[in-house]
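Understanding the architecture of this molecule
Residues per chain are reported as follows:
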Amino acid sequence: MKKILFFLFLLASMRSGAQAADALATLKNESGSMRVLIHIDAQGQPYYRVFYREKMVLDTSYLGIVTSKTDFSRDLAFLEVSDPMPVRDQYTMHHGKQKEITYQALQYVVRLETSAHQALEVYFNLSENGLAFCYQLSQKPGEPVEILRENSTFGFGDAVKAWMQPMSKSKSGWKETNPSYEEHYSMGIPVSQASPIGEGYVYPALFQAGETWVLLSETNVHRNYCGSRLLFDPVSQRLRVAFPQEQEIFPGGALLPNGRLPFSSPWRILAIGTLGAVVESTLGTDLAAPALTMDTDFIHGGLASWSWVLLKDDFTNYETSRRFIDYAAEMHWPFCLIDADWDWKIGYERMQELVDYAASKQVGILLWYNSSGDWNSTTYTPKSKLVDPTARRAEFARLQKMGVAGCKIDFFGGDGQSMIAYYHDILKDAGDHRLLLNFHGATLPRGWHRSYPNLMTVEAIKGEEFITFEQANADLQPSHCAVIPFTRNVFDPMDFTPMVLDSIPNIQRRTSPAFELALPILFASGVQHIAEIPEGMQKMPAAVVNLLKEIPTQWDETRFVAGYPGKDVLLARRKESTWYLVGINGEASEKSFDLDLSFIDTTNGVLFYDENKSISERRILKSEINSISVGPYGGFVMKF
């Protein structure tokens, strides 16, 4: 048996060595744990292969782009690869999984050219647990360019499992508001499995290749590019980068990437390694554009009260809003969100009264806006006040003068270049007027919260409101919540609007109270809108209420403890010297988890757990906690 294993190891080593010998270039990260081999096939198509700890993670994966004038995906010649250049970046985030971040990588530039001597540069960054690449065109500065398609593919093998969220069909759904990144995940599926909707899958997408995990996404989607998605190509048998559907545009605007040379694509990013390394990755902000120069003293996160999610439209009124301002103040939460139709149900004049009243209680008011022009048929207001740049800046100036803290902007129209530019314009104008932003019915933010520090959160998930709409969504909530920390919420803030501790009208909640209590800590969001209403909170033990008065949204450190996508997750987050350890069980059977809490310095803590369909708490010593049992669809919170 030992001889057979040695032979297989030798054979694998010989194959790996042969592939490296055939490569035009070999790129390595600093430790040598990751290698990228660069090749060109007989048709002049460049491709790469990725090895992590000597095991192939990606087989033949093609590179290239096609412009309206030139095909940079075939008939290319390899010119050279640069020597590795160290890249180091240190930056501070205003909210999210980690405050102070250092990014280190080795950067290589692979230079290719067409037979007409037109150059394409492919930048590769290799960090300890990250691979990223982007394209650069720069031959004739100032010349216009339009990108028709990318030839970026990802050669995952047949045995690889995937966790991916289907892309919705444009202008489908309620009032034609899709796509909004609001579908349930397909879990543990073959990479080749077609999307049930037929439009591919959104980022981030998670893959398991043996013992190695890969989280694939994109970042630094600038105003001249479009958002992309993944589509399985049955011809090449690979996932490829695909551009938006033709309807995903701002009225009269462009769908495809366009601009003037020099021109760069967004970064295609792959966090690679153990499941823990993937969950803890900051690659999505590491390669995002640095923060805009702006005053940031108005930027702070925190929890928010919100009446609409459980009470719906009829309770967007002056009296309820004042009650929810009081609720936020009592909970020491810095925000209260007032939702759709406030402009005519309350009006600007009485809204000024609410803003002033909230300020007297140190609560900031967040106001809802409908982004849409004619790309859907929604009627909620204020509508279309943000479409025209002059009108948008005038509205933001009015809100700033009123003392409004920020805006929740809903119902965007997709990922076309002109719609992406609309996001950037809103973010810039809001920052100029010291307004915090939350995008709903929106695309994945793709690192924008680093570039625009006033972007606090984005929905782009099938969140709590969907659970309140249909029992089917409530039935899927446990597994849905257990996949999100491995996918959607790894790189970008997510406005799930979590936590119903008591009850949801006309819905049977499947999750336990302690499961729900864990969610505002488990999910990262610059503003965490809490679904529970005052009447439900009043039923909770004093210890639970006190816990919820202190939950941060800006974390200093995040650690993966245990879990498996869609089944369960245990995550630890630190704020200064305080650690929170939370866990949820996404399945219908009780589970026990071994715990190694050696990373926690504090010895004394408190445990919140499920008991008799309610939350109990008890004092604990870290030295006594070696394992924990979690009931079906249950959860827990520890605070040290």
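Let me sum up the structure you'll find in this document. (Residues numbered from 1 in each chain as written. Predicted model: local features only at pLDDT ≥ 70, side-chain atom pairs only at ≥ 80, totals over all residues. Heavy atoms only, no water.)

The geometry of helix α8 (residues 389-402) relative to helix α9 (residues 417-432) is characterised by a closest axis approach of 10 Å and an angle of 35 degrees between their N-to-C directions. For the pair α8 and α9, the sense of crossing is right-handed. Note on element contacts: α9 touches α8 through Tyr422, Asp425, Ile426, Asp429 and Ala430, opposite Arg392, Arg393 and Phe396. (Axes fitted to C-alpha atoms, helices over the stretch in contact; angles between N-to-C directions. Helix = DSSP H or I, 4+ residues; strand = E, 2+ residues; numbered from the N terminus. Left-handed = near helix turned anticlockwise from the far one by under 90°. Contact = heavy atoms within 4.5 Å.)

So, about the sheet that holds strand β18 (residues 229-233). One open sheet accounts for 3 strands, arranged β13-β19-β18; its pairing is antiparallel. Every other strand in the sheet has two partners, leaving β13 (153-154) and β18 as the edge strands with one partner each. (Pairing = 2+ DSSP bridges.)

Summed over all chains, the structure comprises 35 aromatic pairs. Ring centres of Tyr48 and Phe124 lie 6.1 Å apart, and the angle between their planes is 65 degrees; on these two criteria the pair is classed as edge-to-face. Placement of Tyr48 in strand β3 (residues 46-52) and of Phe124 in strand β10 (residues 119-127) is noted, with a sequence separation of 76 residues between them. Comparing Tyr48 with Phe124 shows no difference in burial state: the two are buried. (Phe/Tyr/Trp six-rings, centres within 6.5 Å; stacked < 30°, edge-to-face > 60°. Buried < 20%, exposed > 50% of the residue type's maximum accessible area, 1.4 Å probe, protein only.)

Here we come to the side chain of Thr457. By secondary structure assignment, the location of Thr457 is in strand β28 (residues 455-458). Take Thr457: its relative accessible area is 0%, and that puts it in the buried class. Of the polar contacts made by the side chain of Thr457, one reaches the backbone nitrogen of Asp495; its length is 3.1 Å. (Polar contact = N/O pair within 3.5 Å; in protein donor to acceptor, adjacent residues only side chain to side chain.)

It is worth spelling out the environment of Glu587 at this point. Residue position: Glu587 is located in the loop between β32 (578-585) and β33 (591-594). Judged by its relative accessible area of 24%, Glu587 falls in the partly exposed class. When neighbours within four sequence positions are excluded, Glu587 is seen to be in contact with Lys567, Pro632 and Tyr633. Here Lys591 takes part through its side chain, which lies 2.7 Å from a polar atom of the side chain of Glu587.

Sheet architecture is open: 4 strands sit in the order β1-β2-β3-β4, paired in antiparallel fashion. This sheet does not close on itself; its edge strands, each paired only once, are β1 (25-28) and β4 (55-62). Strand-to-strand twist in this sheet, taken as the mean axis angle between neighbours without regard to direction, amounts to 20 degrees. In this sheet, β4 lies alongside β3 in antiparallel orientation, the contact comprising 5 bridges. Of the residues in β4, the one forming a bridge with Phe51 is Met56.

Below, the discussion takes up the pattern of salt bridges. A complete count under the given rule lists 28 salt bridges for this structure. A salt bridge links Glu587 to Lys567; its shortest N-O distance comes to 3.3 Å. Of this pair, Glu587 sits in the loop between β32 and β33 while Lys567 sits in the loop between β30 (557-564) and β31 (568-575), placing them 20 residues apart in sequence. Among the ionic contacts, a cluster of salt bridges with common partners joins Glu150, Glu218, Arg268 and Arg446. (Salt bridge = Lys/Arg side-chain N within 4 Å of Asp/Glu carboxyl O.)

Turning our eyes to something else, we now look at unusual backbone geometry. Most peptide bonds take the trans configuration, and most residues that are not glycine carry a negative phi. Note that the residue after Asn178, namely Pro179, is joined by a cis bond; omega there is 5 degrees. Examined against the element boundaries, Pro179 turns out to sit in the loop between β14 (161-164) and β15 (186-190). With a phi close to 60 degrees, Lys171 is a non-glycine residue in the positive phi region. Looking at the secondary structure, you find Lys171 in the loop between β14 and β15. With a phi close to 50 degrees, Ala460 is a non-glycine residue in the positive phi region. Note that Ala460 resides in the loop between β28 and α11 (464-469).

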